[in-house]
Amino acid sequence: MIRSGGGGVITSFQLNEVLIAASRAPSPCNRQPWRFTTTGEAQFQVALDHERLLPVLDPYHREGHIAVGAFLETAVIAARGAGKTADLQYFPDGWYGQKELRDLPVARVTLDPGQVSRSDPLCTAISTRQSNMRAYNRRPLSDLHQTMLLDSCSAYQIPIALTQDLGLIQEVATLQARATEVMLEDPLRQEEFFSHFSGLSGRGIVPGGYGLAQCGYGTIHASMMSLVQLMRCYLLNKEDAAASLYSAMVFREMMSAAALGWVSTKGSSRIDQVLAGRAYAAVDLTAAACGVAIHPMTHILGDYPAMKGLSDSLAQLLGVTSGRTIQMLFRVGYARPVPKTERRNTGGSSQVRPVT
Ligand SMILES: Cc1cc2nc3c(=O)[nH]c(=O)nc-3n(C[C@H](O)[C@H](O)[C@H](O)COP(=O)(O)O)c2cc1C
């Protein structure tokens with residue numbers, strides 16, 4: 001326990017609670033690619049866990065850094081919810097380039113033991129937040145919710161944009177469905193993707209992953225899909241049948257959105273990626289707080305040569321020009337919740353509980 005002049009304290013329990021809350025952050029394929037170590041009673045460091053990256057789908061670990069940014073933002077909000085401010089020092093032991101990976105902390109976070117009166121309403125959204133991958137109910141986004149989402153990450157000077165233009169959403173959905181096929185046409189990418197996605201490729205439930213349940217399919221519906229899949233497997237091989245079905249699902253999901261949103265940055269240095277992750281987490285928690293469903297759909301942003309043409313077309317369609325990088329693409333709308341994804345047990349003093 002450490003004590004400030006003002007009488008505030010931070011207990012190891014509180015620090016642990018902040019880390020547990022931060023682990024609720026979204027991450028690609030639910031990989032949770034963060035590794036944290038406590039470096040003092042009120043301090044911890046977060047680095048990328050090299051064992052939990054997606055080396056084929058995310059070859060430069062851009063999305064891995066976005067996930068760490070989301071972890072950091074969630075930690076800051078959780079700390080604020082407990083009446084503490086968090087001071088972040090980025091890359092405290094040195095920087096590394098946007099295409100390299102070094103075993104250095106991405107951030108050192110120090111919680112100020114002084115009690116601040118301001119709590120954060122987004123804190124309660126940490127336990128309810130989720131990426132809702134089911135088809136949405138097509139109700140247009142209310143003006144209030146649109147304003148709240150657009151304002152949610154103004155603190156980062158990272159703009160988010162939203163469109164409710166149905167024609168544009170259809171064009172992006174067509175590109176995204178094609179991007180999903182491109183992602184899955186390579187056996188290595190297909191293997192990496194389906195080894196974390198439950199229920200479509202005949203592998204059954206992937207422990208600690210996510211899948212058909214988060215797409216809103218209950219047991220009966222999922223079994224019917226498996227039957228259809230079995231029949232399709234007579235015509236196509238098993239993985240190709242799963243790829244074409246998944247691509248059709250992605251199109252349907254995007255077409256049901258009330259709006260599409262994206263987060264873009266001027267460059268794509270490591271700090272840009274981390275800040276984009278912080279900004280996305282702020283949007284995600286704001287959505288949860290106001291009852292809006294949200295779902296990242298980033299296959300089209302893959303940093304491998306086969307995806308370049310499609311991601312360039314996306315940038316043109318969305319008017320993201322002059323060298324800006326789209327870091328996150330997501331849809332929002334209204335929908336019933338889906339089962340939550342699990343969190344791994346990170347061991348040590350910070351036991352992260354699976355969420356049921
Ligand atoms: C950088 C990033 C990219 C993501 N891309 C996708 C995606 O393309 N498709 C998808 O269904 N979910 C995507 N997600 C959402 C994750 O699948 C989701 O966060 C993870 O399964 C954990 O579930 P939760 O967000 O409900 O806690 C992405 C998340 C992050 C942080």
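Keep in mind it's a predicted model, so treat the numbers as computed, not measured.

## Focus on helix α9 (residues 308-318)
Moving on, step 1. When α9 is considered as a whole, its buried residues turn out to be L310, S311 and L314. The arc that holds every buried residue of α9, seen down its axis, measures 95 degrees, which confines them to one face. For α9, exposure combined with an orientation more than 90 degrees from the buried face picks out K308, D312 and Q316.
Moving on, step 2. In this structure, the buried residues of α9 make contact with α4 (166-185) and β12 (325-333).
Moving on, step 3. In the stretch just after α9, G319 is the one whose phi turns positive, near 70 degrees.

## Some details on the site of the ligand
Moving on, step 1. As a matter of local geometry, the ligand sits amid 18 residues, with P26, N30, S131, Y210 and P296 nearest to it.
Moving on, step 2. Top element by residues in the shell around the ligand is helix α2 (residues 62-81). It accounts for four residues.
Moving on, step 3. Its residues placed into classes, the shell around the ligand shows ten nonpolar, seven polar and one charged.

## Digging into the environment of V283
Moving on, step 1. Turning to its location among the elements, V283 is positioned in helix α8 (residues 270-289).
Moving on, step 2. For V283, a count of 25 C-beta atoms within 10 Å gives the class buried.
Moving on, step 3. Between the alpha carbons of V283 and M148 there is a distance of 8.7 Å; along the sequence they are 135 residues apart.
Moving on, step 4. Residues contacting V283, with those up to four places away along its chain left out, are L149, S152, C153, I160 and G261.

## Some thoughts on the confidence of the model for the protein
Moving on, step 1. In the predicted model, the protein carries a mean pLDDT of 89, and 89% of its residues have values of at least 70.
Moving on, step 2. Considering only residues more than four positions removed or in separate chains, one finds that residues 2-7, a stretch of pLDDT under 50, has eleven contacts.

About the criteria used
Residues numbered from 1 in each chain as written. Predicted model: local features only at pLDDT ≥ 70, side-chain atom pairs only at ≥ 80, totals over all residues. Buried ≥ 20, exposed ≤ 12 C-beta atoms within 10 Å, placed from the backbone. Helix = DSSP H or I, 4+ residues; strand = E, 2+ residues; numbered from the N terminus. Arc of directions from axis to C-beta. Contact = placed C-beta atoms within 7 Å. Near = placed C-beta within 6 Å. Nonpolar A, V, L, I, M, F, W, Y, C, P; charged D, E, K, R; others polar. pLDDT = per-residue confidence, 0-100.

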